[in-house]
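# A closer look at the structure
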Amino acid sequence: MDSEQSANTPQWGVVDLRRATVAAGVALWSWNVETDRITMDEHGFRLWDVGAQGEITFEDLSVKIHPSDRDRVRNAFSATRALVGSYDIDFRIMCADDVRWISARGQGDDAGIVGAVMFGIFLDVTDRKQAEEAHELLAGEMSHRVKNLLAIASSLTTIVSRSATSAEEMANDLTTRLSALGRAHDLVRPRPDEENAALVGDLISVVLAPYDDLGAHTGRVRVSAARIATGDGAATNLALILHELATNSVKYGALSVGTGTVDITCTTQENDVMLVWTEHGGPAVVQPSEMGFGSKLVTRMVARLGGSFSREWSINGMVVKLEMKKDRLAA
């Protein structure tokens, strides 16, 4: 039976194993724990973006490790000899202007050590790490949006209660506003089936309609915008920005009180677009000590539109200036 199994078992040669590692994108390495010398195969030298020198030291490779990870990786490698079982260390390396994520894997507790030489592999896990970072960012953004929507619903209830004379009137007003909020929320979702979105002025009016008392052009929220086209992708980013500004206003700014107003102007000059959000009549505003998630979100969205944003905490209310590019808005 043993001879039969042996006959059916593939006889892997060095060439076959090398083909397998190349196909899997695996880089081989060995580390002499006494001399600190590291030997890598050709793929390993390419992965680390170092010249094929044959043998180099761990200290040589440490120069390539991202400064934020360097001490952690050094300590982790030093501890591998006492670690029982396999280990998997993920870290970043610097390759010119590129940052790569590397996973170093091997056996601890001197398992498989031969003549003071340990063996292991390097894997390029950059794509996986970037996907994880994108997932974490999306999860944080979704959590932020949910909290904002709950705050908005509470604030809209307060707004309609100021002028409603009956429970029925309040219910109808609140339903209308929440429906408008739902229509505005559709604007922050990608719409691959539509080629073009609304004009910037129409977009602003739709997004801010739920927060107004009499309508976007005649009530507490006043919009004045040049005729500027916005593409579907840009409309999503701009709608997110406007939602964030409106949410902050109903929480802390002009729209948190019955007498506050907001003026939004949008002008253009050649390829430059300037959107100014000015609040009046709200409570005194204080500049926060650090940038919150909402501010980071606005910064990221404006950057996608080719511009930047700034804020002024005036005694009369906050003023936000968004600078964007017309061609990016139309994309």
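What counts and what doesn't
- In this numbering scheme, every chain counts its residues from 1 along its sequence in written order.
- At least 70 in pLDDT is required for a residue's local features to be given in this predicted model, at least 80 for side-chain atom pairs to be given and counted, and no such filter applies to totals for whole chains, interfaces and linings, which use all residues.
- Side-chain calculation: all heavy atoms of the structure are included, whereas hydrogens and water are not.
- Nonpolar cores were defined as sets of buried Ala, Val, Leu, Ile, Met, Phe, Trp, Tyr and Cys residues, with membership established by side-chain atoms within 4.5 Å.
- Under the scheme applied here, a residue whose accessible area is under 20% of the maximum for its type counts as buried, over 50% as exposed, and between as partly exposed, the area being computed with a 1.4 Å probe on protein chains only.
- Strands here are runs of E lasting at least two residues and helices are runs of H or I lasting at least four, both read from the DSSP assignment and numbered beginning at the N terminus.
- Residue contacts are defined here by distance: any two heavy atoms, one from each residue, within 4.5 Å place the two residues in contact.
- For Phe, Tyr and Trp, where Trp contributes only its six-membered ring, two rings pair if their centres lie within 6.5 Å, and the inter-plane angle classes them as stacked under 30 degrees, edge-to-face over 60, or tilted in between.

### Re the nonpolar core
With 38 residues, the main nonpolar core has Leu-208, Ile-264, Trp-277, Leu-322 and Leu-329 as its most contacted residues. No other element matches helix α9 (residues 232-252), which puts ten residues into this core. Not counting the four nearest positions on each side in its chain, Trp-277 is found in contact with Leu-208, Leu-242, Leu-245, Ala-246, Ser-249, Val-262, Asp-263, Ile-264, Met-318, Val-319 and Val-320. With 25 residues, the next largest nonpolar core counts Trp-29, Phe-58, Leu-61 and Ala-104 among its residues.

### Regarding the packing of aromatic side chains
Tallied over the entire structure, the rule returns three aromatic pairs. A connected cluster of aromatic rings, assembled from ring pairs, spans Trp-29, Trp-48, Phe-91 and Phe-122.

### Concerning unusual backbone geometry
If a residue is not glycine, its phi is most likely negative; likewise, a peptide bond is most likely trans. One non-glycine residue with positive phi stands out, namely Asp-49, at about 60°. Residue placement: Asp-49 occurs in the loop between α3 (42-48) and β3 (55-57). Overall, Asp-49 belongs to the partly exposed group, its relative accessible area being 41%. Backbone geometry at Glu-270 places phi at a positive 55°, although glycine is not the residue there. By the element assignment, Glu-270 lies in the loop between β10 (261-269) and β11 (272-280).

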